Amino acid sequence: MGGCTPSPNHQEVTTVISLPIEPAANELLSRSPLALLIGMVLDQQIPLERAFSAPYDLVQRFGHEPDARELAEYDPEALTAVFAERPALHRFPKAMAARVQQVCQLLVERYDGDTARLWTEAKDGKELLKRVAELPGFGKQKAQIFTALLGKQYGVQPQGWREAAGAYGEEGSYRSVADIVDETSLVKVRSYKQQMKAAAAKAAT
C-alpha cells in the first residue's frame, strides 16, 4: 500500500499510529498512506477499531499489499466479495468496497496513484483540507478529522493545519480518532461523541 513519503515543508517526526488495535494493523497504518486513508474511508457506522483494522485484513485477504492502481482497476464484484468475506470489513461491504475503489480511482487520476501526494504537495493547511474534502465520501467534518489525524499522528503539519482542522485540530481536544493513542484516550473520545449525540437528540425534541 505504499510507503510514507515526507515532504520538505512538513515537520519530520517518527510516524507511529497507536490506536487500540492489533500491533500489525498499527504498523501498516504507520507506514502506508493508502492504508491510513482506507481506514478513514471506512470509519463510519462501525467501531473505529474495526475501520482501522480493516486495511490490514484487506492485505491478508489479497495475500499482498494492493496499491491504489490495483484497487482502482479491480473488478468491482470481486472487490465486493473480498470486503464481504466473513468477518466483513464493513457492515455495508458492497457500498464501502465501491467507495474505496472510487477514492483509489481519484488517487490514480490526480496523484498518479501516490497517496502521500494528497498531502505532501499541499502548500498549506487550507489546501490540504480542500484536497481531502475532494475525496469521494469526505464531507467537511470527515475532511477536518483526517486533516487532524495527519497532523497529530502522522507528522503532516503544513502551515495552518490546526486551523484547517477546526476544533479537531486543537491539542488535547479528544473529539475524534486523531486524538486516540490508547484505551484511555479512546474512552475520552467515545464520551465526547456520546455527549454530542445526547445534545443533538435533546435539540431535536
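Please read these numbers as outputs of a predicted model, since none were measured by experiment.

Student: Could you give an account of the overall build of the protein, naming the residues involved and the relevant values?
Tutor: When its secondary structure is counted, the protein shows 11 helices and zero strands. Start at the N end of the protein and walk to the C end: the helices and strands fall as α-α-α-α-α-α-α-α-α-α-α. By the compact-globule yardstick of 17 Å for 205 residues, the protein fits well, its C-alpha radius of gyration being 16 Å. Its C-alpha atoms give the protein principal-axis dimensions of roughly 45 × 45 × 30 Å. A burial count over the protein gives 47% of its 205 residues as buried. The contacts in the protein between residues at least 6 apart in sequence include a share of 61% that link residues at least 24 apart. As presented, the protein carries roughly 9900 Å² of accessible surface, and 51% of it is formed by carbon and sulfur atoms. Within the protein, the 26 negative side-chain charges are centred at a point lying 9 Å from the centre of the 24 positive side-chain charges.

Student: Please give an account of helix 9 (residues 140-153) that cites residues and values.
Tutor: Over its 14 residues, helix 9 runs 20 Å from end to end, which matches the ideal 20 Å to within 8%, given 1.5 Å per residue. Of all 14 residues making up helix 9, 11 are buried, and the element is well covered by its neighbours. Looking at helix 9, one finds that the buried residues are Lys142, Ala143, Gln144, Ile145, Phe146, Thr147, Ala148, Leu149, Leu150, Gly151 and Gln153. Residues of helix 9 that are buried sit in contact with helix 2 (33-42), helix 3 (48-62), helix 7 (117-120), helix 8 (125-133) and helix 10 (161-165).

Parameters and conventions
- Residues numbered from 1 in each chain as written.
- Predicted model: local features only at pLDDT ≥ 70, side-chain atom pairs only at ≥ 80, totals over all residues.
- Heavy atoms only, no water.
- Helix = DSSP H or I, 4+ residues; strand = E, 2+ residues; numbered from the N terminus.
- Rg over C-alpha atoms; globule rule 2.2 N^0.38 Å.
- Buried < 20%, exposed > 50% of the residue type's maximum accessible area, 1.4 Å probe, protein only.
- Contact = heavy atoms within 4.5 Å.
- Areas by Shrake-Rupley, 256 points an atom, 1.4 Å probe, with all protein chains shown as cover.
- Lys, Arg positive; Asp, Glu negative; His and termini not counted.
- Charge placed at Lys NZ, Arg CZ, Asp CG, Glu CD.
- Expected span 1.5 Å × (residues − 1).

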